[in-house]
Amino acid sequence: MRLLAINPGSTSTKIALFEDGTQLWDDTQRYDSDVIGRFPSVEAQEDFRLDEIKKALKEKGAEIADLDGVVGRGGLLRPIPGGTYRVDEAMMEDMKEARYGSHASNLGAALARRLADEAGCPDNSFIVDPVVVDELVDEARLSGLPEIERRSIFHALNQKAIARTAADEMGKAYEDCSFVVAHMGGGISVGAHRGGRVIDVNNALDGDGPFSPERAGTLPTGGLVKLCFGGTVTEKDLRKKLSGKGGLVAHLGTNDLREVQRRMGDGDEKAGLVFRTMAYQVAKEIGSRAASLEGEVDAILLTGGLAYSDVFVDEIRRRVAFIAPVKVYPGEDELKALADGAYRVMSGKESPKVYEK
């Protein structure tokens with residue numbers, strides 16, 4: 001079975017062709033900011049990106065008619081349980097109208113459906129584990145103010161893919177395991193996985209958790225209130241501080257952990273303190289998730305780009321190894337994760353989920 005996986009980013013679209021689970025090739029289309037800037041919205045880029053994908057397929061000698069399925073990155077939908085979802089009209093409508101927010105990943109469903117329609121396999125157009133996966137237990141959702149509910153927005157695709165990989169290595173089903181998974185990239189999310197569900201996780205987009213290369217994470221509430229009403233920043237500026245210009249960027253002016261480590265090697269004490277503190281906060285979040293699992297943790301899984309740093313991983317490991325074995329899976333392979341989710345449905349191992357409003 002031939003399957004095309006699509007991952008739209010803000011200024012790029014990544015695609016890969018798979019055959020029976022094996023990747024044949026991949027391609028990244030990068031767009032100049034002035035080209036993307038011509039469009040009034042992300043949703044208006046659909047035809048442009050579709051044409052670019054078709055050009056890439058032609059250059060690779062791949063025929064759309066030979067595709068048995070297409071899977072796209074899931075975007076900002078209403079909160080839904082994890083799994084592989086068949087792209088239907090309700091999903092397409094919510095994405096095109098950006099009812100729950102606008103993001104390049106919203107294009108994944110539409111691009112998958114349009115290519116699958118052209119290939120003659122509309123029932124095999126899918127999305128897998130979008131960022132809005134919500135499987136929180138009630139205790140994880142409630143905050144100290146009734147007006148503010150905790151939200152589940154995290155790196156669901158990679159977290160669940162890595163959890164499945166670890167379970168396979170242990171000879172167990174994902175649904176029979178309890179993991180703490182820390183995705184560590186530009187944003188950091190730490191999830192408690194039990195019974196195939198992520199029962200507790202920090203909001204990695206604009207909410208709580210460890211600070212990261214670009215996000216401020218959980219802040220002292222009183223200080224945040226003072227900053228909000230101090231008249232020195234606008235709401236737009238503050239949102240950017242929280243997500244985009246927080247964390248390493250705020251403290252050290254860079255989001256590159258390698259640069260931070262270089263400075264540490266040159267004797268920069270501030271860089272060392274910020275580096276250790278970010279690892280310290282990740283470790284504390286892992287401990288919190290272990291409590292969510294009542295201490296029954298089969299393994300702690302570290303993944304994402306920051307997991308390539310042995311020094312960063314060791315800073316975390318020495319603080320959490322008493323909880324459970326620590327396994328490291330550097331980086332993330334989103335296209336493979338998408339393909340694996342689609343193949344589980346196409347091969348009959350799983351039933352597709354239905355998106356309902």
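Throughout this description, residue numbers start from 1 for each chain and increase along the sequence as written. Given that this is a predicted model, residues contribute local features only at a pLDDT of at least 70 and side-chain atom pairs are listed and counted only at 80 or more, while totals for whole chains, interfaces and linings are drawn from all residues. Only hydrogens and water are removed before side-chain values are computed, so all heavy atoms of the structure are retained for them.

A. Layout of the sheet that holds strand β9 (residues 197–201). By this definition, two strands are paired if DSSP reports at least two bridges between them. Helix and strand assignments come from DSSP, with helices taken as H or I runs of at least 4 residues and strands as E runs of at least 2, each series counted from the N terminus. Strands sit in the order β9-β8-β7-β10-β11 across an open sheet of five strands; the sheet is mixed. Of all strands in the sheet, those with a lone pairing partner are β9 and β11 (326–330), marking the two edges. Each strand axis lies, on average, 25 degrees off the axis of its neighbour in the sheet, ignoring direction. Contacts are assigned to residue pairs that have any heavy atoms within 4.5 Å of one another. Axes here mean lines fitted to C-alpha atoms, for a helix over just the part in contact, with angles spanning 0 to 180 degrees between N-to-C directions. Packed onto the sheet, helix α11 (residues 269–292) meets β7 (178–184), β8 (188–194), β9 and β10 (299–304) and runs at close to 20 degrees relative to β8. On the sheet, helix α12 (residues 310–320) packs against β7, β10 and β11 and is oriented at approximately 160 degrees with respect to β11.

B. Up close: the sheet that holds strand β4 (residues 69–73). Taken together, the six strands give an open sheet; going across it, the order is β3-β2-β1-β4-β6-β5, and neighbouring strands pair in mixed fashion. On the outer flanks of this sheet lie β3 (22–30) and β5 (84–86), each paired with one strand and no other. If you compare each strand with its neighbour and ignore which way they point, the axes differ by 25 degrees on average. One ladder, built from seven bridges, connects strand β1 (residues 2–8) with strand β2 (residues 12–19); its direction is antiparallel. Looking across to β2, one finds that R2 is bridged to E19.

C. Quick peek at the side chain of T254. Among the structural elements, T254 can be located in the loop between α9 (248–252) and α10 (257–265). The class for T254 is buried, based on a relative accessible area of 12%. Within the local environment of T254, its side chain forms a polar contact with the backbone nitrogen of D256, the two atoms lying 3.1 Å apart. In this view, T254 contacts P213, L248, V249, E259, V260 and R263; residues no more than four positions away in its chain are not counted. Each residue is assigned to one of three classes by its accessible area relative to the maximum for its type, calculated with a 1.4 Å probe on protein chains only: buried under 20%, partly exposed between the two thresholds, exposed over 50%. Two N or O atoms form a polar contact when they lie within 3.5 Å of each other; inside protein one atom must be a possible hydrogen donor and the other a possible acceptor, and for residues adjacent in sequence the pair counts only when both atoms belong to side chains.

D. Layout of the packing of aromatic side chains. Pairing of aromatic rings covers Phe, Tyr and Trp, the last counted by its six-membered ring, and requires centre-to-centre distances within 6.5 Å; plane angles under 30 degrees mean stacked, over 60 mean edge-to-face, and any other angle means tilted. As enumerated under the stated definition, the model contains three aromatic pairs in all. Both rings, one in F39 and one in F48, keep their centres 5.5 Å apart while their planes meet at 40 degrees; by these two values the pair is tilted. Relative accessible area serves as the criterion here: at 22%, F39 is assigned to the partly exposed category. Using a relative accessible area of 18% as the deciding quantity, one classes F48 as buried. Both rings, one in F275 and one in F312, keep their centres 5.5 Å apart while their planes meet at 75 degrees; by these two values the pair is edge-to-face. Of this pair, F275 sits in helix α11 while F312 sits in helix α12; the two residues are 37 residues apart in sequence, bridging distant segments of the chain. The residues F275 and F312 share a single accessibility class, namely buried. Lying across the ring of Y355, R78 places its NZ or CZ 5.0 Å from the centre. Consider the ring centre and the ring normal. A charge sits over the ring if Lys NZ or Arg CZ is within 6 Å of that centre and within 35 degrees of that normal.

E. How the structure looks around the nonpolar core. Throughout, nonpolar core names a set of buried Ala, Val, Leu, Ile, Met, Phe, Trp, Tyr and Cys residues whose side chains join them through atoms within 4.5 Å. The biggest cluster of nonpolar side chains holds 34 residues, and the ones touching the most others in it are M184, I286, I300, L302, F312 and I316. At the level of secondary structure, the elements contributing two or more residues to this core comprise β7, β8, α9, α10, α11, β10 and α12. With near-sequence residues (within four places) excluded, F312 lies in contact with M184, L257, F275, M278, A279, V282 and L306. Counting 21 residues, the second largest nonpolar core, distinct from the first, contains L4, L111, A112 and L115.

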